[in-house]
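In case you want the letters, here they are:
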Amino acid sequence: MKRILCMILAVFTAILYLGCAPAPRYAENVDNRDENGIASVFELATETPSSAHSMALVDGDTGELIFCKNKDAKREPASTTKICTAITVLENHTLLDLPVPIPNEAVGVEGSSLYLQKGESMTVRDLLYGLMLQSGNDCAVALAVIVGGSVDGFVKMMNETAQKAGATNSNFVNPHGLHHDEHYTTAHDLCKISYYAMQNKLFREIVATKRHSTPYHGHDYKRNFPNKNKILFNYDGGNGIKTGYTRASGRCLVSSATRNGKTYICTVLNCYDMFEECMRLMDKAFARNV
């Protein structure tokens, strides 16, 4: 009888403890996509104060969500859209070094530009460098038409890429990120897309490049453009990925860095001190491994 009473007391105590103990707050990560080499994890994420309106930081080796703030809030991504544009091109076009005519639709596109000219030809590889380093909106349109047959056709491919990466809260309506009411993503989705893209060797090489040059149609000198991402120049181990800005989106950045074989990817959206904030958050992540 005494033994039975002890067992009942133990069970009651366990139930009382479980009822009072705070439940751990888990954040889901990518879906099971082993065929793409992407890990499926269910990891404890820490809500972290940040100057960004929304933020997410993931382990660049596993995709695990480490830090976040408003990670699923839908926001305009500006030119960080081009991360999805670039990986969509790389997965759907193989003749990277074959010069192709610049489509008429790509001439005179507003915003950041390489000032592509009618009658000019460039390789898809050079257009990708122009897209990710100089943030050429005209490069985005050129690549969309070349690879997708039309901007609308390519945008459909972009959304399919986002779905493959596990980005379920995103909708892209253009390849460059200029303002559109129905063009949106989230900080966590951008980390998922970036993690997916960084599995591609050429993508990693492009976003880590500090400066690139291409032949310049009609000129006796080359077209040169530096990478706008200060993470490459000012942060130890910085190796990507993409900046973005429109008046509607505010300043946006997806950054990446590797130290001692460990990689982190950080997204901040609508963040005035985007470079400094990404550096601070990545420092905090790297400190976990010391």
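Heads up: these notes are all about the structure in this document. These figures come from a predicted structure and were not determined experimentally. (Residues numbered from 1 in each chain as written. Predicted model: local features only at pLDDT ≥ 70, side-chain atom pairs only at ≥ 80, totals over all residues. Heavy atoms only, no water.)

1. A short note on the overall build of the chain
Then step 1. Across its full length, the chain holds nine helices and 12 strands.
Then step 2. Counted over contacts in the chain with a minimum sequence separation of 6, partners at least 24 positions apart contribute 59%.
Then step 3. Of the roughly 13,700 Å² of accessible surface on the chain, 53% is carried by carbon and sulfur atoms. (Helix = DSSP H or I, 4+ residues; strand = E, 2+ residues; numbered from the N terminus. Contact = heavy atoms within 4.5 Å. Areas by Shrake-Rupley, 256 points an atom, 1.4 Å probe, with all protein chains shown as cover.)

2. Some thoughts on the pairing of strand β9 (residues 222-226)
Then step 1. A one-sided burial pattern is seen for β9, the buried positions being Arg223 and Phe225 and the unburied ones Lys222, Asn224 and Pro226.
Then step 2. Pairing between strand β8 (residues 211-215) and β9: five bridges, direction antiparallel. Note on β9: the bridge partner recorded for proline 215 is lysine 222.
Then step 3. As consecutive antiparallel partners, β8 and β9 are separated by six residues, and within that stretch glycine 218 has a phi angle of approximately 80°, a positive value. (Buried < 20%, exposed > 50% of the residue type's maximum accessible area, 1.4 Å probe, protein only. Pairing = 2+ DSSP bridges.)

3. So, helix α2 (residues 82-92)
Then step 1. Of all the 11 residues making up α2, nine are buried; the element is thus mostly covered by neighbouring parts of the structure.
Then step 2. Among the residues of α2, Lys82, Ile83, Cys84, Thr85, Ala86, Ile87, Thr88, Val89 and Leu90 are the ones counted as buried.

4. Observations concerning the sheet that holds strand β5 (residues 65-69)
Then step 1. If you walk across this open sheet you meet the six strands as β3-β5-β4-β12-β11-β10, and the pairing is mixed. The open sheet has two edge strands with one neighbour each: β3 (46-47) and β10 (238-246).
Then step 2. Looking at chain direction, strand β4 (residues 54-59) and β5 are connected through four bridges and run antiparallel. Residue pairing for β5: leucine 57 is matched across the bridge by phenylalanine 67.

5. Details of the pattern of salt bridges
Then step 1. The final tally for this structure, using the stated rule, is nine salt bridges.
Then step 2. Among the salt bridges present, the one from arginine 259 reaches aspartate 283, with a minimum N-O distance of 3.4 Å. Taken together, the residues arginine 259 in strand β11 (residues 250-259) and aspartate 283 in helix α9 (residues 274-287) connect sequence positions 24 residues apart.
Then step 3. We classify arginine 259 as partly exposed; its relative accessible area is 22%. (Salt bridge = Lys/Arg side-chain N within 4 Å of Asp/Glu carboxyl O.)

6. Notes on the environment of leucine 178
Then step 1. Relative to the assigned elements, leucine 178 resides in the loop between α5 (151-164) and α6 (187-197).
Then step 2. Residues within four places of leucine 178 in sequence aside, it is in contact with Glu110 and Asn137.

7. Brief notes about the packing of aromatic side chains
Then step 1. All told, the structure shown has two aromatic pairs when counted by the stated rule.
Then step 2. Ring plane angle 85° and centroid distance 5.1 Å describe the contact between tyrosine 264 and phenylalanine 286, whose orientation is recorded as edge-to-face. Of this pair, tyrosine 264 sits in strand β12 (residues 262-269) while phenylalanine 286 is found in helix α9, placing the two residues 22 residues apart along the sequence. As far as burial versus exposure is concerned, tyrosine 264 and phenylalanine 286 are alike and both buried.
Then step 3. Here arginine 251 stacks its cationic end above the ring of tyrosine 272, 5.7 Å away from the centre of that ring. (Phe/Tyr/Trp six-rings, centres within 6.5 Å; stacked < 30°, edge-to-face > 60°. Lys NZ or Arg CZ within 6 Å of the ring centre and 35° of its normal.)

8. Considering the packing of α2 against helix α3 (residues 124-132)
Then step 1. Put simply, α2 and α3 touch, their axes get as near as 10 Å, and they point 165° apart. In this view, α2 runs roughly antiparallel relative to α3, as classed from their interaxial angle. For the element pair α2 and α3, the recorded crossing hand is left-handed. The segment α2 lies against α3, with Lys82, Ile83, Thr85, Ala86, Val89 and Leu90 engaging Val124, Leu128, Leu131 and Met132.
Then step 2. Class assignment for the residues of the contact of α2 with α3 results in eight nonpolar, one polar and one charged. (Axes fitted to C-alpha atoms, helices over the stretch in contact; angles between N-to-C directions. Parallel < 35°, antiparallel > 145°, perpendicular 65-115°, else oblique. Left-handed = near helix turned anticlockwise from the far one by under 90°. Nonpolar A, V, L, I, M, F, W, Y, C, P; charged D, E, K, R; others polar.)

9. A look at the side chain of serine 79
Then step 1. Of note, serine 79 is situated in the loop between β5 and α2.
Then step 2. The buried category is assigned to serine 79, whose relative accessible area is 11%.
Then step 3. Engagement of the side chain of serine 79 in a polar contact is seen with the side chain of serine 135, the distance being 3.2 Å.
Then step 4. Setting aside anything within four residues of it in sequence, one finds serine 79 in contact with Ser135, Asn137, His176, Lys242, Thr243, Gly244 and Tyr245. (Polar contact = N/O pair within 3.5 Å; in protein donor to acceptor, adjacent residues only side chain to side chain.)

10. A look at the nonpolar core
Then step 1. If you look at the biggest cluster of nonpolar residues, it comprises 58 residues, and the most contacted ones within it are Leu128, Met132 and Phe203.
Then step 2. Element by element, the count of residues in this core is highest for helix α4 (residues 137-148), at eight residues. (Core = buried A, V, L, I, M, F, W, Y, C linked by side-chain atoms within 4.5 Å.)

11. What about the pairing of β12?
Then step 1. Within β12, eight of the eight residues are buried, leaving the element largely enclosed by the surrounding structure.
Then step 2. Summarising the sheet, β4 and β12 pair through six bridges and their orientation is antiparallel. Within β12, the position partnered with valine 58 by the bridge is isoleucine 265.
Then step 3. Direction of pairing for β11 relative to β12: antiparallel, over a ladder of seven bridges. Each bridged residue has a counterpart across the sheet, and for valine 254 the counterpart in β12 is threonine 267.
Then step 4. In textbook terms, the turn of a hairpin is the stretch between consecutive antiparallel strands, and for β11 and β12 this stretch comprises two residues, one of which, asparagine 260, has a positive phi near 50°.

So, to be careful, I would describe these as geometric facts and stop short of saying anything about function.
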